Structures are given as structure tokens and as C-alpha cells.
Amino acid sequence: MHKDILKVVLIGDGGVGKTSLRNQYIHKKFTNAYKATIGADFITKEVETDDGKKVMMQIWDTAGQERFQSLGVAYYRGADACVLVYDVNNYLSFQHLEKWREDFLKQSALPAEEAKNFPMIIIGNKIDIDDRVVSRRQARAWAEIHSNEKMQIPCFETSAKNGDNVEKAFAQIAKMVKIPQLELDMNESGSFSLTNESLKKTSYTNTPCC
């Protein structure tokens, strides 16, 4: 059985809620106990695209701590989409989006034209906390600056705690990438392996900023 894989990388400062967003989306669970991610890991979830095609969304959760950022090259390459996450109550985490974006594009070693049109979304998390310092207008302005005619960067505000807009944000990713780069093959033993047919060219769709 062959299934397409959509590799999605979550990046952003430590403590902005990347792991919590993923857990809310995959498991519909939230915990207040903060545990920093060491390196990176991934969880997969089967999703259905607008055209009825089923794909395995492979969501990579990466460490936001400076000492682990050198590991990025090992996890960024082969990504089909990137989710830039900040905390709406932490202005520095919003300012750092620029650096995260640049580092991702550099370490993923994309050709110039692909890098320019690479699918990205930004998520402002923790809207359940009433201490906002980053406005929706600021997030949309940032997204507009980094968008172009071929690829608009959608922006979402979420609560990983309450689940607000989490499903909507991840569903948008599946809409933005039409042809995943990798395929997954499940053999008779139930284990997974990548097929040789995985080297496909990724194409992207123009998506308005939310």
C-alpha cells in the first residue's frame, strides 16, 4: 500500500507551544507541564486533501533552543512545508521569525526559485492568555512582506490549550502542497519504508493570508 508523505516542520523559539500544537492536532490533548524538545522527532497523521486524496502528514517538532539549532540541516531537508510558530504574548518570539525563516531556507538547501515560493504558514499561539503584545495586523504585515504572487503565507492565531484554530491551521498545509515529495510503503510486516518513487517535484498553490 502506497501513501504520500507530507513532511511538515514546526520551527520557532523554545516555549512558544510547538509540541503542544502538534499534540492538540494529533491527540486532541494538552498539558501544562513544559518539557523542552531535545533535537527533533515526528508523528504522522493521515489527512484527506480537498480532492479526496489521502496523505500521511509527517509533523516534525524541532527544538527551539539555540544549542540544538545546528541540527536543523538534518531535519529541514526534504520538507514540503514549514510552520513558523510564535507566542502572541512574547514579542521577541515574533521578531525571531525572520531568523527562523532564513535559517530554514538556508539549511534546507533549496534552489533559489523553490525557496522563494516555498509553502509556509505562521501561527501565533497562546491566544487563550490575556497578555497579548503582537497584534493580528502585525502578523499579517509580516506575512505580506514575505509573500509573493505565487505563494501567499497564511497567518493563523491559535490556542494549543483550547484547540482554537489548530485543526484549521494544519488543514491549510495540506491544501498548499499538491504533490508531496515522498511516498511511504507499508510492507507485510507492518513497518514503513520510503520507496524509490519518492523523488517527485513539489508544486505549490497560491493561498490567501488568513
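Residues numbered from 1 in each chain as written. Predicted model: local features only at pLDDT ≥ 70, side-chain atom pairs only at ≥ 80, totals over all residues. Heavy atoms only, no water.

(A) Spatial organisation of the overall build of the chain. Within the chain, the secondary structure is distributed over 7 helices and 8 strands. In the chain, which comprises 210 residues, the proportion classed as buried is 51%. Within the chain, residue pairs in contact and separated by at least 24 positions form 72% of the contacts whose partners lie at least 6 positions apart. (Helix = DSSP H or I, 4+ residues; strand = E, 2+ residues; numbered from the N terminus. Buried < 20%, exposed > 50% of the residue type's maximum accessible area, 1.4 Å probe, protein only. Contact = heavy atoms within 4.5 Å.)

(B) Representation of the pairing of strand β5 (residues 120-125) within the structure. The element β5 is largely enclosed, with a buried count of 6 among its 6 residues. The two faces of β5 match: Met120, Ile122 and Gly124 on one face and Ile121, Ile123 and Asn125 on the other face are all buried. With 6 bridges connecting them, strand β4 (residues 81-87) and β5 associate as parallel partners. By the bridge assignment, Val83 is partnered in β5 with Ile121. Traced from β5 through helix α6 (residues 136-145) to strand β6 (residues 155-157), the parallel crossover comes out right-handed. (Pairing = 2+ DSSP bridges. Right-handed = clockwise from strand over helix to strand, strands pointing away.)

(C) Spatial organisation of the packing of aromatic side chains. For the structure on display, the rule yields 5 aromatic pairs. Ring geometry for Tyr25 and Phe170: centres 4.4 Å apart, planes at 10°, overall stacked. Note that Tyr25 is positioned in helix α1 (residues 18-27) and Phe170 in helix α7 (residues 166-176), a separation of 145 residues in sequence. Grouping residues by exposure puts Tyr25 and Phe170 together as buried. (Phe/Tyr/Trp six-rings, centres within 6.5 Å; stacked < 30°, edge-to-face > 60°.)

(D) Here's a closer look at the packing of α1 against α7. Running from N to C, α1 and α7 cross one another at 90°; their axes reach a closest spacing of 9 Å. Here α7 runs roughly perpendicular to α1, going by the angle between their axes. Together, Leu21, Gln24 and Tyr25 of α1 and Val166, Glu167 and Phe170 of α7 make up the contact between the two elements. Grouping the constituent residues of the contact of α1 with α7 by class yields 4 nonpolar, 1 polar and 1 charged. (Axes fitted to C-alpha atoms, helices over the stretch in contact; angles between N-to-C directions. Parallel < 35°, antiparallel > 145°, perpendicular 65-115°, else oblique. Nonpolar A, V, L, I, M, F, W, Y, C, P; charged D, E, K, R; others polar.)

(E) Structural detail: the environment of Lys54. Structurally, the position occupied by Lys54 is in strand β3 (residues 54-62). C-alpha of Lys54 to C-alpha of Ala174: the two residues are 120 residues apart in sequence and 10.0 Å apart in space. When neighbours within four sequence positions are excluded, Lys54 is seen to be in contact with Asp4, Glu46, Val47 and Glu48.

(F) Structural context of α6. Turning to α6, its buried residues number three or more, namely Ala139, Trp142 and Ala143. One face of α6 carries all of its buried residues, which in axial projection span an arc of 100°. Facing away from the buried side of α6, by more than 90 degrees, are the exposed residues Arg137 and Ile145. In this fold, the buried residues of α6 make contact with β4, α3 (91-95), α4 (97-107), β5 and β6. (Arc of directions from axis to C-beta.)

(G) Highlighting the pattern of salt bridges. The tally for this structure, following the rule as stated, stands at 6 salt bridges. Across the salt bridge formed by Lys126 and Asp87, the nearest N and O atoms sit 3.8 Å from each other. Taken together, the positions of Lys126 in the loop between β5 and α6 and Asp87 in strand β4 put the pair 39 residues apart, joining distant regions of the chain. Given the relative accessible area of 23%, Lys126 is considered partly exposed. Linking Glu157 and Arg136 is a salt bridge whose minimum nitrogen-to-oxygen distance equals 3.1 Å. (Salt bridge = Lys/Arg side-chain N within 4 Å of Asp/Glu carboxyl O.)

(H) Representation of α4 in the model. Taken together, the buried positions of α4 are occupied by Leu97, Trp100, Arg101, Phe104, Leu105 and Gln107. Positive backbone phi, approximately 55°, marks Ala109, located one or two places after α4.

(I) Quick peek at the confidence of the model for the chain. Within the chain, residue pLDDT values average 79, and 73% of them lie at 70 or more. Ignoring residues within four places in sequence, the model shows residues 179-205, a span with pLDDT below 50, making 73 contacts including any to other chains. (pLDDT = per-residue confidence, 0-100.)

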